[in-house]
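Now for the letters of each chain:
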Amino acid sequence: MPELPEVETVRLGLVPVLEGRVLAKVTARRPDLRIPLPPGFAKRLTGRRVVKLTRRAKYMLVHLDGDEILLVHLGMSGRFTVHGKVVGSFVHRAVDAENGLGAHDHIVFDTDAGQRVIYTDHRRFGLMTLLKASEQEAHKLLAGLGPEPLSAEFSAASLSKALEGKRTPIKAALLDQRVVAGLGNIYVCEALYRAGISPLRLAATIQSARLKKLVDAIKAVLRDAIKAGGSTLRDYKHTDGELGYFQHTFQVYDREGEACCTKGCKGVVKRVVQSGRSTFYCATCQR
DNA sequence: AGGGGGACCTGTGCGC
DNA sequence: TGCGCACAGGTCCCCC
């Protein structure tokens, strides 16, 4: 589920629930996710006011009063659900009884507005930790990240520089969060398809005109996905309060054996494995 | 030093 | 129906 657009959709969905609210009660129902929760995690959060929610790559940052930040990563299967009464235009399902919590509902946030936000993560690849706002730049998990793909900093010129001398396939290079931060397996496949570039091509061998096309494709595919997430949020009252899922229309991802979507292309979508992960592409129109 | 592969977890879907 | 295996949208750490 969670690449940059999904994390952004989760963030946008939580803004009306959490921003400006006090965390009246926080419960950690186990001591760890992928890594241990910091000592006194729930206690340190309880009573704090949420100032704002931001995002960096696939991380969500919950800025708290007192110069502290709750850093959240959803891993592969992390999700948030919102339970409780109407806030803004969003209608959420009724608050569950305490015994309504499931085995994988690990962290529970109750706000002073009477809403409950539950973090669920059955594979526990997600993480939550606390850091000082002043440490943000230097924090181990954030320090090495490359540019935000939707920022002006991410351009054909900067990408070209990042790929210089890379003897690795472009697919692997784009998954490297130091090159560009926030792409995952799906959107890399989709962006390479839109740009007409083979995922197998060695990163450093892509000419600048095609890099420009790739950068444009990455930005476009992310914007489209965020837009799709946003329209799902607007229809929130029709859903059950689960954040981050929306109807994707992938053109190659998970379409092995299907006809290529490109007009006039007679190709069929192939699946190959690159550094242990599935890559989907059309060998006819991606060169 | 950079890159590939395994490890971390649980759930699901498929073939036999 | 049941069992075992492959696979899942992420990242870290170890080793070459």
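Since we're looking at a predicted model, the values are computed, not measured.

K.L.:
Any chance you could break down the protein's contact with DNA strand C for me, citing the residues and the numbers?
P.N.:
Around DNA strand C, the surrounding shell holds 22 residues, and the nearest of these are Lys58, His73, Tyr253, Arg277 and Ser278. Sugar plus phosphate: this is where 60% of the atoms of DNA strand C within 4 Å of the protein reside. Residue Asn185 places a main-chain N or O atom 3.2 Å away from a phosphate oxygen belonging to DNA strand C. When contributions to the surface near DNA strand C are tallied by element, the ones reaching two or more residues are helix H3 (140–143), helix H6 (185–195) and strand E10 (277–282).

K.L.:
Describe the packing of aromatic side chains, listing the residues and the values that go with them.
P.N.:
On inspection of all chains with the given rule, the structure shows 4 aromatic pairs. Each ring, one from Phe250 and one from Tyr253, has its centre 5.7 Å from the other, and the planes form 75°; the classification is edge-to-face. Residue Phe250 is classed as buried on the basis of its relative accessible area, which comes to 18%. Here Tyr253 falls in the partly exposed class, since its relative accessible area comes to 22%. Three or more aromatic residues joined by ring pairs make a cluster, and in this case those are Tyr187, Phe250, Tyr253 and Phe280.

K.L.:
For the sheet that holds strand E3 (residues 59–64), give the residues involved together with the corresponding values.
P.N.:
Across the sheet, 4 strands lie side by side as E2-E3-E4-E8; this open sheet has antiparallel pairing. Edge positions in the sheet fall to strand E2 (50–56) and strand E8 (127–132), since each of these pairs with one other strand and no more. This sheet shows a mean twist of 20° between the axes of neighbouring strands, independent of strand direction. The sheet contact formed by E3 and strand E4 (residues 68–73) spans 6 bridges and is antiparallel. Paired with Leu61 across the two strands is Leu71, which belongs to E4. Packed on one face of the sheet, helix H1 (residues 4–18) meets E2 and E3 and runs near 175° to E2.

Conventions we followed
- The residue numbering used here restarts from 1 in each chain and proceeds along that chain's sequence as written.
- The naming scheme follows written order: chains are lettered A onward, ligands numbered 1 onward.
- Predicted model: local features are reported for residues with pLDDT of at least 70 only, side-chain atom pairs are reported and counted for 80 or more only, and whole-chain, interface and lining totals are derived from all residues.
- To get the side-chain values, all heavy atoms of the structure are used, and hydrogens and water are removed first.
- Throughout, the term near means that a residue has one or more heavy atoms lying within 4 Å of the molecule or strand in question.
- Two N or O atoms form a polar contact when they lie within 3.5 Å of each other; inside protein one atom must be a possible hydrogen donor and the other a possible acceptor, and for residues adjacent in sequence the pair counts only when both atoms belong to side chains.
- Strands are runs of DSSP state E lasting at least two residues, helices are runs of H or I lasting at least four, and both sets are numbered from the N terminus onward.
- The pairing test for Phe, Tyr and Trp rings, Trp by its six-membered ring, is centres within 6.5 Å, and the orientation test on the planes gives stacked under 30 degrees, edge-to-face over 60, and tilted for anything in between.
- With a 1.4 Å probe rolled over the protein chains alone, any residue whose accessible area is under 20% of its type maximum counts as buried; one over 50% counts as exposed, and the rest are partly exposed.
- DSSP calls a pair of strands paired once it identifies at least 2 bridges connecting them.
- Comment: axis = line fitted to C-alpha atoms, over the contacting stretch for helices; angle = value between 0 and 180 degrees taken between N-to-C directions.
- Any two residues whose heavy atoms approach within 4.5 Å are treated as being in contact.

Read these as spatial facts, not as claims about activity.
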